[in-house]
Amino acid sequence: MITLSSDFGSPYPAAMKGVLLQHTDARLVDISHDFPRQDVRATAFWLQELLPYFPPAVHLVVVDPGVGTDRGAVVVRADEHVLVGPDNGILLPAARRLAEDIAVFAVKFEQGDPTEADPTTSAWPPEPDSQTFHGRDLFAPTAAHVHDAGHETFQTDDGFERTDEFAEVTFPEPTITDDGAVGEVLTIDSFGNVITNVPGEVLAGRFGDHVQANGISATVRHSYAAVDGGHRVVTVGSHGNVELAVNRGRGDKAFSIGVGDRIRFKW
Amino acid sequence: MITLSSDFGSPYPAAMKGVLLQHTDARLVDISHDFPRQDVRATAFWLQELLPYFPPAVHLVVVDPGVGTDRGAVVVRADEHVLVGPDNGILLPAARRLAEDIAVFAVKFEQGDPTEADPTTSAWPPEPDSQTFHGRDLFAPTAAHVHDAGHETFQTDDGFERTDEFAEVTFPEPTITDDGAVGEVLTIDSFGNVITNVPGEVLAGRFGDHVQANGISATVRHSYAAVDGGHRVVTVGSHGNVELAVNRGRGDKAFSIGVGDRIRFKW
Amino acid sequence: MITLSSDFGSPYPAAMKGVLLQHTDARLVDISHDFPRQDVRATAFWLQELLPYFPPAVHLVVVDPGVGTDRGAVVVRADEHVLVGPDNGILLPAARRLAEDIAVFAVKFEQGDPTEADPTTSAWPPEPDSQTFHGRDLFAPTAAHVHDAGHETFQTDDGFERTDEFAEVTFPEPTITDDGAVGEVLTIDSFGNVITNVPGEVLAGRFGDHVQANGISATVRHSYAAVDGGHRVVTVGSHGNVELAVNRGRGDKAFSIGVGDRIRFKW
């Protein structure tokens, strides 16, 4: 099984699928191609939350604002999962959630010429013609190769190099006190629910209470529909973090807050 | 085969797919994850029109504004099809279209704690940790279980209870007279075509005529392109109902009409 | 393998998938259902660029503003690929890219009555009930039939007729001179990158230079991120054509240009 994740929208994911299907019979599963555009940290968060629900697979991930520069390509082994993507840190939080011990390998490749792009080049070793679409020309061939060759392939003579130098994405740490918490908005989902980095445990014993979120009052409840339509609610989202929401409305609007903003809770 | 329908947009459907793939090798087919958000009636209409085109399958449906409240979970058997979703009526119109006799079963489950969400819990019996994402934690495990265990599983000792008490969604009845019809807008498709509850048969013998739709004149034709670009047309849509459209434009704008609005035709 | 391409958005593609799955066990792969709406030429360009990355398959394509008029349905054989869609020219550029010699066949069908739509009609010969959704009622059954019956089926007595009369889509030819080039915008991708019909070879030897694009200065570079965020760049896209872009921004806005507009480069 190969999963696909990107910020490509449409139709570029199809080119990756075509390349994969040229080289492997693996089952393909779209995670999403609408991850927050060029937002490596938010996508890393989503992958950390989503990939653990999958059975062992090769996970192809392309949110890659640095495509065509000298940023590298990495493959990360995490137990029976393998993650493939740019060396911008996007794979690491998910990999560490999937396994206690991970191993990172650099992929060796040489840049080709985009005016000579050839749809039927071999999967391995990768020879990216384009400098603007490594999803198609580098990461998809790598994912197909890794899928079919298996875990034992990560050897230097096969185009991989074990490395301890790779980019990392980290999430900010919340500050939790007796009378509140200070955190940050990690991402906003398509419903407008505001997902923070504050762990849901801080709400234990406060369900039914009113709390202040950036000075705005809201009720702590277990579900969106526990408040009337249009009303603000503070809850624990499906990822276990504190979420700001509005029943049948958008939390981001009602709390006037966006990705990267600070959020201060007072109990 | 398991089909997936929701109003989740992206990326929450991936969590449901991961859970399904953990527990079953079934083929997965996305119906849509962009059904009208939290609009149970409109989605019920679309499912009624779409699911009969599918071969026998388990249909997982999650448009669920009441998630985390005391609304139940149901499984509906309709001939060789099985529908799984919240007990808000969304499954019933499709089920009745799929089979003359249907059987509804309540799913027995106990609510867990969202701060202890575990991606690798067993499929059955379902133990939803989150109260905000039963698609992942309750309905997907149920669909996987039903798919692999088969029709004979709907027994009380296996977590199901046959029931005659369940929510229903009904569509308003149009009024048809000799000189016109009065109906309601059920939904608007992504082209802007306005889909009403008025059966297409009322247009028999009127093709080529001008009619009034809420006082606005339009031609009755068999196809959008039978009128010039930008012109209004009244036609029979692919679901058999009367549709208001504009060739290469949006009917909803040209007729200034939205979901739930009344539509009065005069011949 | 059957691929699906359309401008349907959601949820109409599901009806095509249901029909396909009723009649074949083929693997289904979505190319995109968000091709530029009713833009036959832009979709033809995308298919020409995308389909060569796929292994041999049946490619079902429905961007069909003339649905329900007297436009025909065609099947195009291109080596081991088969393309199925409306006779509006959309298939031809991709087919000619896939094979040197192509063969075009007209599909014979009779129009049915949309008020008698029957989800379980046989795949072949096609009997489209609706006049507004031939994707479901004509092209999907044809694709399923062609997939399962194979290449040897294109015979007159099986509902096909070899033809030399069919619609074509052509792309405008750019004019290239010593001191510049004049071309046209073919499409704009979801990142806002402006894709022209000017071949990337014209930029050879100019990387690092400043050029004028419709009088606006920009740097020629191999990748988006080779310029600072928010800065304009002229590059060779993954299709090999000249592209106007902005690093971490939208090229269409920064160059004030849209589909079909003329673009004049001066070196």
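The model shown is predicted, which means the values in this text are computed figures rather than measured ones.

Some remarks on the overall build of chain A
Step number 1: Check the secondary structure of chain A and you find 5 helices and 15 strands.
Step number 2: Here chain A holds 267 residues, and 53% of them are scored as buried.

A closer look at the packing of helix 1 (residues 12-23) of chain C against helix 4 (residues 134-149) of chain C
To characterise two packed helices, one gives the angle between the axes of the helices and the distance between these axes.
All names here are of chain C.
Step number 1: In the contact formed by helix 1 and helix 4, the axes pass within 9 Å of each other and the chain directions differ by 40 degrees. Compared by their axis directions, helix 1 and helix 4 come out oblique. Where helix 1 crosses over helix 4, the handedness of that crossing is right-handed. Counting all contacts with helix 1, which are made through Tyr12, Ala15, Met16, Val19, Leu20 and His23, the residues of helix 4 involved are Gly135, Arg136, Ala140, Pro141, Ala143 and Ala144.
Step number 2: Partitioning the contact of helix 1 with helix 4 into residue classes produces 9 nonpolar, 2 polar and 1 charged.

A look at the pairing of strand 3 (residues 58-62) of chain A
Residue and element names in this part refer to chain A.
Step number 1: The buried fraction of strand 3 amounts to 5 of the 5 residues, a majority that puts the element mostly inside the structure.
Step number 2: Burial of the side chains of strand 3 extends over both faces: Val58, Leu60 and Val62 are buried on one face and His59 and Val61 on the other.
Step number 3: Pairing analysis gives 5 bridges linking strand 1 (residues 2-6) to strand 3, with the strands arranged parallel. Bridging across to strand 3, Ile2 finds its partner in Val58.
Step number 4: Bridge count for strand 3 against strand 5 (residues 81-86) is 3 bridges, and the pairing is parallel.

Re the interface of chain A and chain B
Step number 1: Contacts between the two partners involve 25 residues from chain A, matched on the other side by 25 residues from chain B.
Step number 2: The set of elements that each furnish at least two residues to the side of chain A that touches chain B consists of strand 2 (28-32), helix 2 (40-50) and strand 13 (232-236) of chain A.
Step number 3: It is strand 2 of chain A that contributes the most residues to the side of chain A that touches chain B, 3 residues altogether.
Step number 4: Here the residues of the side of chain A that touches chain B are counted per class, giving 13 nonpolar, 9 polar and 3 charged.

Some details on the relation of the copies chain A and chain B
Step number 1: Mapping chain A onto chain B is achieved by rotating through 120 degrees and translating by 0.0 Å along the same axis, at an RMSD of 0.0 Å. Classification of the inter-copy transformation places it as that of a three-fold axis. Minimal C-alpha separation from the rotation axis in chain A is found for Arg27 of chain A, amounting to 5.6 Å.

Considering the interface of chain A and chain C
Step number 1: The interface is formed by 25 residues belonging to chain A together with 25 residues belonging to chain C.
Step number 2: For the side of chain A that touches chain C, the leading source of residues is helix 1 (residues 12-23) of chain A, giving 7 residues.
Step number 3: Each residue belonging to the side of chain A that touches chain C can be placed in one class, and the counts come to 11 nonpolar, 12 polar and 2 charged.

Here's the deal with the domain arrangement of chain A
Residues and elements named next belong to chain A.
Step number 1: Assigned domains of chain A: these are domain 1 (2-162) and domain 2 (175-266).
Step number 2: The distance between the C-alpha centroids of domain 1 and domain 2 comes to 34 Å.
Step number 3: The partner domain 2 presents 4 residues to the 5 residues of domain 1 that form the contact.
Step number 4: Broken down by class, the residue content of the side of domain 1 that touches domain 2 amounts to 4 nonpolar, no polar and 1 charged.

As for the confidence of the model for chain A
Step number 1: Looking at chain A as a whole, its pLDDT mean stands at 95, while 100% of the residues score no less than 70.
Step number 2: Across the predicted assembly, pTM comes out at 0.97 and ipTM at 0.96.

Points about the sheet that holds strand 5 of chain A
The strands making up a sheet are joined through hydrogen bonds of the backbone, oriented either antiparallel or parallel.
Residues and elements named next belong to chain A.
Step number 1: On the basis of which strands lie adjacent, the open sheet formed by 7 strands has the order 2-1-3-5-4-6-7 and mixed pairing. Two strands bound the open sheet, and with one partner strand each, they are strand 2 and strand 7 (160-162). Neighbour to neighbour, the strand axes of the sheet diverge by 25 degrees on average, direction disregarded.
Step number 2: Sheet topology note: the strand 6 (residues 102-107)/strand 7 ladder contains 3 bridges and is antiparallel. Looking at the pairing, Phe105 lines up with Arg162 of strand 7.
Step number 3: Across the sheet, helix 1 touches strand 1 and strand 2, and the angle it forms with strand 1 is around 155 degrees.

A few points about the sheet that holds strand 1 (residues 2-6) of chain B
Residue and element names in this part refer to chain B.
Step number 1: Spatially, 2-1-3-5-4-6-7 is the arrangement adopted by the 7 strands of the open sheet, whose pairing is mixed. Strands with a single pairing partner mark the edges of an open sheet, and in this sheet they are strand 2 (28-32) and strand 7 (160-162). Ignoring which end each strand starts from, the neighbouring axes of this sheet average 25 degrees apart.
Step number 2: Note that strand 1 and strand 2 share 4 bridges and pair parallel.

Some points on the pairing of strand 11 (residues 210-213) of chain A
Residues and elements named next belong to chain A.
Step number 1: Bridging between strand 11 and strand 12 (residues 216-220) involves 4 bridges; their strand directions are antiparallel. Note that in strand 12 the partner of His210 across the bridge is Thr219.
Step number 2: Here strand 11 folds back onto strand 12 in antiparallel fashion, the turn holding 2 residues, of which Asn214 has a positive phi close to 50 degrees.

Considering the environment of Val234 of chain A
Residue and element names in this part refer to chain A.
Step number 1: The topology assignment puts Val234 in strand 13.
Step number 2: The exposure class of Val234 is buried, given the 29 C-beta atoms found within 10 Å.
Step number 3: In this structure, Val234 is in contact with Val211, Ala213, Ala218, Val220, Val242 and Leu244, ignoring residues within four places of it in sequence.

Re the environment of Glu243 of chain C
Step number 1: Within the fold, Glu243 of chain C resides in strand 14 (residues 241-246).
Step number 2: Here Glu243 of chain C is in contact with Asn193, Val194, Ile195, Thr196, Thr235, Val236 and Gly237 of chain C, once residues within four sequence places are set aside.

Brief notes about unusual backbone geometry
Backbone phi values are negative for most residues with the exception of glycine, while trans is the configuration of most peptide bonds.
Step number 1: Following Ser10 of chain A, the chain continues to Pro11 of chain A via a peptide bond in cis, the omega torsion being 0 degrees.
Step number 2: Here Pro11 of chain A shows up in the loop between strand 1 and helix 1.
Step number 3: At Arg248 of chain B, a position not held by glycine, the phi torsion is positive, near 55 degrees.
Step number 4: You can see Arg248 of chain B is positioned in the loop between strand 14 (241-246) and helix 5 (251-254).
Step number 5: The class of Arg248 of chain B is partly exposed, set by 16 C-beta atoms lying within 10 Å.
Step number 6: In this model, Asn214 of chain C sits at a positive phi of 50 degrees, which is unusual for a non-glycine residue.

Observations regarding the environment of Leu20 of chain C
Residues and elements named next belong to chain C.
Step number 1: As for its placement among the helices and strands, Leu20 is situated in helix 1.
Step number 2: Taking the C-beta count within 10 Å as the criterion, Leu20 has 27 such neighbours and is therefore assigned buried.
Step number 3: When the C-alpha atoms of Leu20 and Val202 are compared, they prove to be 44 Å apart, with 182 residues separating the residues in sequence.
Step number 4: Leaving out residues up to four positions away in the same chain, Leu20 has contacts with Ile2, Ala26, Leu28, Ala140, Ala143 and Ala144.

Comments concerning helix 4 (residues 134-149) of chain B
Residue and element names in this part refer to chain B.
Step number 1: Most pronounced at Ala140, the bend in helix 4 amounts to some 30 degrees, and the proline Pro141 follows within four residues.
Step number 2: The buried fraction of helix 4 is high, at 14 of 16 residues.
Step number 3: Positive phi shows up at Gly150, right after helix 4, with a value of about 90 degrees.

Notes on helix 2 of chain A
Step number 1: Within helix 2 of chain A, 11 of the 11 residues are buried, leaving the element largely enclosed by the surrounding structure.
Step number 2: Those residues of helix 2 of chain A that sit buried are Val40, Arg41, Ala42, Thr43, Ala44, Phe45, Trp46, Leu47, Gln48, Glu49 and Leu50 of chain A.
Step number 3: At its buried positions, helix 2 of chain A is contacted by strand 1, strand 2, strand 3, helix 3 (92-98) and strand 9 (180-188) of chain A together with helix 1 (12-23) of chain B.

What counts and what doesn't
Within every chain, residues take consecutive numbers counted from 1 along the sequence as written. Note on labels: chains are lettered from A, ligands numbered from 1, in written order. Selection of residues for local features in this predicted model requires a pLDDT of at least 70, selection of side-chain atom pairs for listing and counting requires 80 or more, and totals for whole chains, interfaces and linings are taken over all residues. Numbering of helices and strands runs from the N terminus, with a helix taken as a DSSP run of H or I at least four residues long and a strand as a DSSP run of E at least two residues long. Our exposure labels follow a C-beta count within 10 Å of each residue's own C-beta, placed from the backbone: buried means 20 or more other C-beta atoms, exposed means 12 or fewer, and partly exposed covers the counts in between. Interaxial angles span 0 to 180 degrees and are taken between N-to-C directions of axes, which are lines fitted to C-alpha atoms, for helices over the stretch in contact. Any angle from 65 to 115 degrees is called roughly perpendicular, while one under 35 is roughly parallel, one over 145 is roughly antiparallel, and all others are oblique. For any pair of crossing helices, the crossing counts as left-handed if the nearer helix is rotated counterclockwise from the farther one by less than a right angle, and right-handed if it is rotated clockwise. Our contact criterion uses C-beta atoms placed from the backbone: two residues qualify when those atoms are within 7 Å. Polar here means any residue outside two lists: the nonpolar Ala, Val, Leu, Ile, Met, Phe, Trp, Tyr, Cys and Pro, and the charged Asp, Glu, Lys and Arg; Gly therefore counts as polar. Any two strands are treated as partners once DSSP identifies two or more bridges connecting them. Superposition of the copies was done by least squares, using only C-alpha atoms of residues whose pLDDT is at least 70 in both. Throughout the structure description, domain borders are defined by an automatic or database domain assignment. What pLDDT reports is the predictor's confidence in each residue, on a scale of 0 through 100. Throughout, bend refers to the angle between the axes fitted to the seven residues that end at a position and the seven residues that start at it.

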